[in-house]
Amino acid sequence: MFRPEIKRKRSGAPVLSRKEIDVIGENLVDEFSPEVLTNPQEVDIDLFAQDYLGMEQDFQHLSHCGVYLGMTVFNDTDKVPVYDPVHNRAEYISAKAHTVIIDNMLLEENQEHRYRFTMGHEASHEFLHKEYFAYDPNQLTLFDFMPNNSQPAMVQCRVDSKKMDVKPSKNWGDREWMEWQANALSSSILMPKKAVMLVVNDIKGRAIQKNLMNFAIADEVSSVFNVSFEAATYRLKQLGVIPQTVKMSNDIFEMMFQIEMVGNF
């Protein structure tokens, strides 16, 4: 398995730039499914987690309201907190180390893109952050959901991380940086830079009106890699393909495309 040299804080938390994460993601995909880099296509994120990283998958109700999307279990434990909808109560279950637990909500048909990104996110935690939890088995989890400080940190949860935007990155601690790293690596695995640029260059070579180009590129990246339009747009902005200031919406693209088609008749 590809194992990069990663600088780490004394706590075990990685110190990584976006560029370094892109290189890691591309190398992982190159080793797991090299054809993706030459013939852009969807990365099988389930097989990546299971076969390449050796993770077990489980599906549970992680909360009563869907606030938790996934968990990564780093050590064998019988203290994984889940929600029992039948009895409307929280309870504990057992799980082995290297298990990813996905909330049942993400198995619904219209949740495929969130499911794929969450799987990538949890797989990224497994790849990047095992050492962090190995340093001190008595530290709290990333989200401090354990009932008291005496409980060992066995599980790492993912909350929808848009709330991170409220706090300036200069004030982030290990928790926020590791969430950012997991998001960034998930994006880099699902949409490897080399493969994305092949799609971008192909679209730019087509006869598409300038005012539709950004939308067409994001729509194609979304389709080819089976990610949401929002995730594709964010990735393309991060790669500098689309300016950060451009407002993007799939609804706007569909409307503009329909108007353009009508105008051609």
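The shown structure was predicted, so the numbers you read here are calculated from the model rather than taken from an experiment.

The rules behind these values
Residues numbered from 1 in each chain as written. Predicted model: local features only at pLDDT ≥ 70, side-chain atom pairs only at ≥ 80, totals over all residues. Heavy atoms only, no water. Helix = DSSP H or I, 4+ residues; strand = E, 2+ residues; numbered from the N terminus. Buried < 20%, exposed > 50% of the residue type's maximum accessible area, 1.4 Å probe, protein only. Contact = heavy atoms within 4.5 Å. Areas by Shrake-Rupley, 256 points an atom, 1.4 Å probe, with all protein chains shown as cover. Phe/Tyr/Trp six-rings, centres within 6.5 Å; stacked < 30°, edge-to-face > 60°. Lys NZ or Arg CZ within 6 Å of the ring centre and 35° of its normal. Axes fitted to C-alpha atoms, helices over the stretch in contact; angles between N-to-C directions. Parallel < 35°, antiparallel > 145°, perpendicular 65-115°, else oblique. Left-handed = near helix turned anticlockwise from the far one by under 90°. Nonpolar A, V, L, I, M, F, W, Y, C, P; charged D, E, K, R; others polar. Core = buried A, V, L, I, M, F, W, Y, C linked by side-chain atoms within 4.5 Å. Pairing = 2+ DSSP bridges. pLDDT = per-residue confidence, 0-100. Polar contact = N/O pair within 3.5 Å; in protein donor to acceptor, adjacent residues only side chain to side chain.

1. Quick look at the overall build of the protein chain
Scanning the protein chain for helices and strands turns up nine helices and six strands. Here the protein chain holds 265 residues, and 48% of them are scored as buried. Counting contacts in the protein chain only where the partners sit at least 6 residues apart, residues at least 24 apart contribute 64% of the total. Summing over all exposed atoms, the protein chain offers an accessible surface of approximately 13700 Å²; the carbon and sulfur share of this is 51%.

2. A closer look at the packing of aromatic side chains
Here the structure, examined in full by the defined rule, presents six aromatic pairs. Measuring from centroid to centroid gives 4.7 Å for Trp-172 and Trp-177, while their planes differ by 70°, and the two rings are edge-to-face. Residue class for Trp-172 comes out buried when judged on its relative accessible area of 15%. The positively charged end of Arg-3 is found above the aromatic ring belonging to Phe-127, 4.6 Å away from the centroid.

3. Topic: the packing of helix α1 (residues 18-32) against helix α5 (residues 174-190)
Packing of α1 against α5 leaves a shortest axis separation of 8 Å and a crossing angle of 45°. Here α5 runs oblique to α1, going by the angle between their axes. Note that α1 runs across α5; the crossing there is right-handed. Residues Arg-18, Ile-21, Asp-22, Ile-24, Gly-25, Leu-28 and Val-29 of α1 touch α5, and the partners they reach there are Trp-180, Gln-181, Ala-184, Leu-185, Ser-188 and Ile-189. Class assignment for the residues of the contact of α1 with α5 results in eight nonpolar, three polar and two charged.

4. Points about the pairing of strand β5 (residues 99-103)
The side chains of a regular strand alternate between the sheet's two faces. Within β5, five of the five residues are buried, leaving the element largely enclosed by the surrounding structure. Covered by surrounding structure in β5 are Thr-99, Ile-101 and Asp-103 together with Val-100 and Ile-102, the residues of both alternating faces.

5. Section: the nonpolar core
Counting 55 residues, the largest nonpolar core has Leu-28, Val-221, Phe-225 and Leu-236 as the members making the most contacts within it. A per-element tally of this core places helix α7 (residues 210-225) first, with eight residues. Setting aside chain neighbours within four positions, we find Val-221 in contact with Met-191, Val-196, Val-199, Asn-226, Val-227, Ala-232 and Leu-236. One finds Met-71, Val-73, Val-80 and Ala-95 within the second-largest nonpolar core, a separate group that totals nine residues.

6. Re the pairing of strand β3 (residues 77-84)
Of all eight residues making up β3, six are buried, and the element is well covered by its neighbours. Where β3 lies against strand β4 (residues 89-95), six bridges are found, and the strand directions are antiparallel. Its bridge partner being in β4, Tyr-83 is matched across the sheet by Ala-90.

7. A look at the environment of Glu-112
As for its placement among the helices and strands, Glu-112 is situated in helix α4 (residues 112-135). Exposure remark for Glu-112: the relative accessible area of 41% places this residue in the partly exposed category.

8. Some remarks on the confidence of the model for the protein chain
Taken as a whole, the protein chain shows an average pLDDT of 86; of its residues, 81% reach a score of 70 or greater. Overall, residues 135-153 carries pLDDT values under 50, and its contacts beyond four positions in sequence, including any with other chains, amount to 42 contacts. Every residue in residues 257-265 is under pLDDT 50, and counting partners more than four places away or in other chains gives three contacts.

9. Let's talk about the environment of Gln-57
Relative to the assigned elements, Gln-57 resides in strand β1 (residues 56-60). Judged by its relative accessible area of 24%, Gln-57 is partly exposed. Residues Gln-57 and Ile-101, spaced 44 residues apart in sequence, show a C-alpha to C-alpha distance of 6.0 Å. The contacts of Gln-57, once residues within four sequence positions are left out, are Asp-46, Gln-50, Val-100, Tyr-115 and Met-119. Within polar-contact distance, the side chain of Gln-57 engages the side chain of Asp-46 at 2.8 Å. Here the side chain of Gln-57 touches Tyr-115 through a polar contact of 3.4 Å, side chain to side chain.

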